[in-house]
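Chain and residue survey
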Amino acid sequence: MSRTTTMTVRLSGVLSEFVAANVGDDGAYENVSEYVRDLIRRDKERAEQAAFDRLKAELTHAFAAPDSSYKPLTAADVIRRNQG
């Protein structure tokens, strides 16, 4: 279930001018809300990509390790390790 939240953001000076230049007839967005939503979506995608890249690097490192470096763990070992 999607929820809508109304937020108020105050901008002045250079930031306000920058937003105004990107909105309206001369800008890429019809209104400020559309612009802000797009910025948030892009930031969310960037954060998700960064998390994926960290996971990928960690897995690449783990799979490159020799089998002799692996130690058997129980589920309880993993849970205990992740609690601290």
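Structure: above.
All of these numbers come straight from a predicted model, not from anything done at the bench.

Let's talk about the overall build of the protein
Scanning the protein from terminus to terminus reveals 3 helices and 0 strands. What you see for the protein is a C-alpha radius of gyration of 23 Å, clearly larger than the 12 Å of a compact globule of 84 residues, by over 25%. Oriented by its inertia axes, the alpha-carbon framework of the protein measures out at about 65 × 30 × 25 Å. Going through the 84 residues of the protein one by one, you find that 7% of them count as buried. Total accessible area on the protein stands at roughly 8100 Å², and carbon and sulfur atoms take up 56% of it. Here the protein holds 12 positive side-chain charges and 13 negative ones, and the gap between their average locations is 10 Å.

Remarks on the layout of surface pockets
A volume near 440 Å³ is recorded for the largest pocket. Surrounding the largest pocket, 17 residues form its lining, V9, V32, S33, V36 and I40 being those nearest its centre. When contributions to the lining of the largest pocket are tallied by element, the ones reaching two or more residues are α1 (13–22) and α2 (32–64). Here the lining of the largest pocket takes 8 residues from α2, the largest share from any one element. Classifying every residue of the lining of the largest pocket gives 11 nonpolar, 4 polar and 2 charged.

Side note on the packing of aromatic side chains
Under the defined criterion, the tally for this structure stands at 1 aromatic pair. Residues Y29 and Y35 carry aromatic rings whose centres are separated by 4.7 Å and whose planes lie at 35 degrees to one another, so their mutual orientation is tilted. Assessed through its relative accessible area of 7%, Y35 is described here as buried.

Side note on the pattern of salt bridges
Scanning the model with the defined rule gives 4 salt bridges in all. When the shortest N-O distance is used, the salt bridge between K44 and E48 registers 2.7 Å. With a gap of 4 residues between them, K44 and E48 both fall in helix α2, about one helical turn apart. Judged by relative accessible area, which is 53%, K44 ranks as exposed. Taking relative accessible area as the criterion, E48 reaches 42% and is therefore assigned partly exposed.

Calculation rules
- Residues numbered from 1 in each chain as written.
- Predicted model: local features only at pLDDT ≥ 70, side-chain atom pairs only at ≥ 80, totals over all residues.
- Heavy atoms only, no water.
- Helix = DSSP H or I, 4+ residues; strand = E, 2+ residues; numbered from the N terminus.
- Rg over C-alpha atoms; globule rule 2.2 N^0.38 Å.
- Buried < 20%, exposed > 50% of the residue type's maximum accessible area, 1.4 Å probe, protein only.
- Areas by Shrake-Rupley, 256 points an atom, 1.4 Å probe, with all protein chains shown as cover.
- Lys, Arg positive; Asp, Glu negative; His and termini not counted.
- Charge placed at Lys NZ, Arg CZ, Asp CG, Glu CD.
- 1 Å grid on protein atoms, 1.4 Å probe; cavity = no way out; pocket = protein on both sides within 12 Å on 5 of 7 lines; lining within 4 Å.
- Points joined across faces, edges and corners; volume = space filled by probe spheres on them.
- Nonpolar A, V, L, I, M, F, W, Y, C, P; charged D, E, K, R; others polar.
- Phe/Tyr/Trp six-rings, centres within 6.5 Å; stacked < 30°, edge-to-face > 60°.
- Salt bridge = Lys/Arg side-chain N within 4 Å of Asp/Glu carboxyl O.

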